[in-house]
Amino acid sequence: MSFPVQVIETLPDQHLWVLETRTTAYAFSWNQHHRLENVYWGAKLACPADYAPKALGFDPLGNWNFARNTREEFPTWGDYKFNEPCLKVRYSDGVRACLLDYADSTTAGNDTEATLTIHLQDPHYPLRVRLIYKVFVDHDLIVRSAEIENTGDDPVEIEQILSAAWHLPQRDSYQLTTLSGKWGGEFQIQRADLPQGKQLVERRRGSTGYDSNPFFALDDGTAGETRGDVWFGALAFSGNYKLVIERDAFEQVYVTGGIHDFDFCWRLEAGEVFRTPEFVAGFTNQGYGEASRLLHAYETAQVVPRVSARQARPVVYNSWYVTEFDVSFENQERAAELAAKIGVELFVMDDGWFGQRNSDRAGLGDWYVNPEKFPNGLAPLIRRVNELGMEFGIWVEPEMVNPDSDLYRAHPEWVYHFPNRPRSLGRNQYVLNVSRPDVQQFILNFMNDLLSNNNIKFIKWDMNRHFSEPGWPDAPEGRDREIWVRHTRGVYEILRQLREKYPQVLFESCSGGGGRVDLGVMPYVEQFWMSDNTDPYDDLFIQEGFSLAYAPLTRMMWVTDTNGINGRSYSLDFRFHLAMMGVLGMGADLTRWSQADLSRAAELIALYKDIRETMQFGAFYRLRSPRESALSAFQFIHPSGREAVVIIFLSQSRFGYFSTPVHLQGLDPNARYVAEGWDEPWSGQALMKRGLPVALKGSFVSQLIRLSRV
Ligand code: DGJ
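Residues numbered from 1 in each chain as written. Predicted model: local features only at pLDDT ≥ 70, side-chain atom pairs only at ≥ 80, totals over all residues. Heavy atoms only, no water.

### A few points about the sheet that holds strand β26 (residues 458-461)
Here's step 1: The 8 strands are arranged β21-β22-β23-β26-β27-β28-β29-β30 in a closed barrel whose pairing can be described as parallel. Going across the sheet, the axis of each strand differs from the next one's by a mean of 30°, ignoring polarity.
Here's step 2: As paired elements, β26 and strand β27 (residues 506-509) share 4 bridges and run parallel to each other. Of the residues in β27, the one forming a bridge with Lys460 is Glu508. (Pairing = 2+ DSSP bridges. Helix = DSSP H or I, 4+ residues; strand = E, 2+ residues; numbered from the N terminus. Axes fitted to C-alpha atoms, helices over the stretch in contact; angles between N-to-C directions.)

Here it is, written out as structure tokens:
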């Protein structure tokens, strides 16, 4: 393998950079028009010269050429072009046009991971920009970000700064895939023809959210799960973001994305550097399934917290749906005893244990143990949970405060607000201004108290409302609109410090369900709570969408009792099979379960522990989508290839309609595989080409097939 970044001098004043991964290439040049323009993104070509810009014999636009958007790698706003800029600034003399010249480029790294930095400089003003390209050869991904440095004496206002612009090759048409949704219905796959104009995937409510997710995929309309060219990417940021997917009048298609410019302004003082979030993207010619697997592998190998990256995630029990705010030593102990009996490894007490938190109307912000509920503090419960052989975890919502709390009474100025305007409530709470250093310190202090005084091994970090009235009246001058970034960075920094101090503690990101699932927070948390909706049929769709961008290793879901959402009931196996497709949790009232159900649960948890390396660290395949028929199927292959697990769900059978065989994927065609109850092994080729016959009938029935390579 050669060094993945090649710098080719095409002419004395022109350069071509070629970034090659295992199967893809990405090339851009500094050209005779003095622009840094993309020339290629797609499958790797045989010969480096093939990447060079190719001039057409004539320009089909003739005189109109000037109106065309260029394929700039990092378009600034300030001259005769009209596409979405990555950078818009205002210099201290009022000039709002930014131009960047190429200065230099540097490379570092090795054959599998390399970084290219392009240094740009405003020809007149003391402003430097560095475009950073990290090339992950084996993951087939490129991770882009930018840094902007004020090298002068006067402040510069940044009005818009996106992480990257990604240019796609010209095709006759494109289809755009995004994730949309709602509370209780996150990660719904949306697919539509890309019309001319701009499509916006955005969030302006302070956090990632469930109505959209910072992920995109584009194909020419012919790609499927196992075939076709797909370009895809995900932004690593948990605050306001925007992805602009534009198809212009001349069939140029590009995706620009980063921190949202809405209500944003950043004052870059002399000598300061602003770094954008990373934006990871890739290309595959093997369809959506492979696009997801590339992201999953990258997340598992590069993004999830390093200390626990290879650690199997424990089976969790969480008491929220059983006790809600009414927690006590007695009811938690009862739940813990039953959970331990069936094999749970980590017992989590959710909301309700602190302050005057008897409902969602009071107590948030008062992080002392409620003395009526736990007269002797948390220690007796934690001791009991540990005696039962489980670790103990606890819920917090550090970024929030109820107006009915001691914290708010003492510090009403700590929440986002505007003078002379009412403060809107969401779930009876306000958002603490985590941009403020004193608020960050407050959160660090109470979290330190909690973690250093108690044997806590897991934190569920929740966040349950949108931002409104995002004012910071006593902000340092000119910095009040920086809250959209400072808040998110504040949360990351708190998590970073806590993780450094308590490396043995696992964290879960929750935001009223799957409202904070993204690559920005992923380096600080082991897992995401996928949805408050634990209805298994609904979750089939939610988890399918989740899996488009995020690894099963990061997906937490519980087996619960029938929830009120759809009024449906399911067999225990169906509920377990769904929850097993990632990190398994339980959230049911076990005191009401029959002995038979408890025994079956114990068997299924034991099975899960046996296969969890495959479910958590294996390669994931969407064999059949619940969006297409009543039968859906998913497959996991152990990293070593020694085991594959297939889970099939049938929502309902109809007389006379037979389920067709399920074709497995990713197996070794020449290897032979066996499963329990089979007389003969099957070859990988037969399992993939002939497919597994499905023998399921009824409503909401499922089957787990565990294949071992002989
Ligand atoms: C919202 C979360 O999604 C739930 O799991 C639960 O933790 C509640 N918050 C507690 O208030």
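On we go.
### Notes on the domain arrangement of the protein
Here's step 1: Along its sequence, the protein is carved into domain 1 (70-303), domain 2 (313-525 + 551-617) and domain 3 (631-709).
Here's step 2: Of note, the centres of domain 1 and domain 2, computed from C-alpha atoms alone, are 31 Å apart.
Here's step 3: Taken together, the contact between domain 1 and domain 2 spans 36 residues of the former and 32 residues of the latter.
Here's step 4: Of the roughly 2,900 Å² buried at the junction of domain 1 and domain 2 (both faces included), carbon and sulfur atoms supply 57%.
Here's step 5: The interface formed by domain 1 and domain 2 holds 2 salt bridges in total. (Domains from an automatic or database assignment. Contact = heavy atoms within 4.5 Å. Buried area = accessible area lost by both parts, 1.4 Å probe. Salt bridge = Lys/Arg side-chain N within 4 Å of Asp/Glu carboxyl O.)

### Some points on the site of the ligand
Here's step 1: Near the ligand you find 13 residues, and of these Asp350, Asp351, Lys460, Asp462 and Asp532 are the closest.
Here's step 2: Within the side chain of Asp351, one N or O atom sits 2.6 Å away from an oxygen atom of the ligand.
Here's step 3: Between the ligand and the protein, one listed contact pairs an oxygen atom with a side-chain N or O atom of Lys460 at 2.8 Å.
Here's step 4: Among the residues forming the shell around the ligand, the class breakdown is 4 nonpolar, 3 polar and 6 charged. (Near = heavy atom within 4 Å. Polar contact = N/O pair within 3.5 Å; in protein donor to acceptor, adjacent residues only side chain to side chain. Nonpolar A, V, L, I, M, F, W, Y, C, P; charged D, E, K, R; others polar.)

### Regarding the environment of Val385
Here's step 1: Within the secondary structure, Val385 sits in helix α4 (residues 379-387).
Here's step 2: Since its relative accessible area comes to 0%, Val385 is described here as buried.
Here's step 3: As a C-alpha pair, Val385 and Lys88 span 297 residues in sequence and 55 Å in three-dimensional space.
Here's step 4: Among all residues touching Val385, those that are not within four sequence positions of it are Ala336, Phe347, Met390, Glu391 and Phe392. (Buried < 20%, exposed > 50% of the residue type's maximum accessible area, 1.4 Å probe, protein only.)

### A short note on helix α10 (residues 595-617)
Here's step 1: Given a rise of 1.5 Å per residue, 23 residues ought to cover 33 Å, and the 32 Å separating the end C-alpha atoms of α10 matches this to within 8%.
Here's step 2: The largest bend in α10 comes to about 65°, at Ile611. (Expected span 1.5 Å × (residues − 1). Bend = angle between axes of the 7 residues up to and from the residue.)

### Thoughts on the packing of aromatic side chains
Here's step 1: Applying the stated criterion to the full structure yields 50 aromatic pairs.
Here's step 2: Measuring from ring centre to ring centre gives 6.4 Å for Phe264 and Phe274, while their planes differ by 65°; the resulting arrangement is edge-to-face. Here the residue Phe264 occupies a position in the loop between β17 (253-259) and β18 (266-268), and Phe274 occupies one in strand β19 (residues 273-275), the gap between them amounting to 10 residues. Residues Phe264 and Phe274 agree in their burial class; the two are buried.
Here's step 3: If you follow Lys88 out to its NZ or CZ, it ends over the ring of Trp77, 4.7 Å from the centre. (Phe/Tyr/Trp six-rings, centres within 6.5 Å; stacked < 30°, edge-to-face > 60°. Lys NZ or Arg CZ within 6 Å of the ring centre and 35° of its normal.)

### Details of the packing of helix α6 (residues 437-453) against helix α7 (residues 483-501)
Here's step 1: Taken N-terminus to C-terminus, the directions of α6 and α7 make an angle of 25°; their axes are 10 Å apart at the nearest point. Taken as axis vectors, α6 and α7 run roughly parallel relative to one another. Where α6 crosses over α7, the handedness of that crossing is right-handed. In contact with Gln440, Ile443, Leu444, Met447, Asn448 and Leu451 of α6, α7 contributes Arg486, Gly490, Ile494, Gln497, Leu498 and Lys501. (Parallel < 35°, antiparallel > 145°, perpendicular 65-115°, else oblique. Left-handed = near helix turned anticlockwise from the far one by under 90°.)

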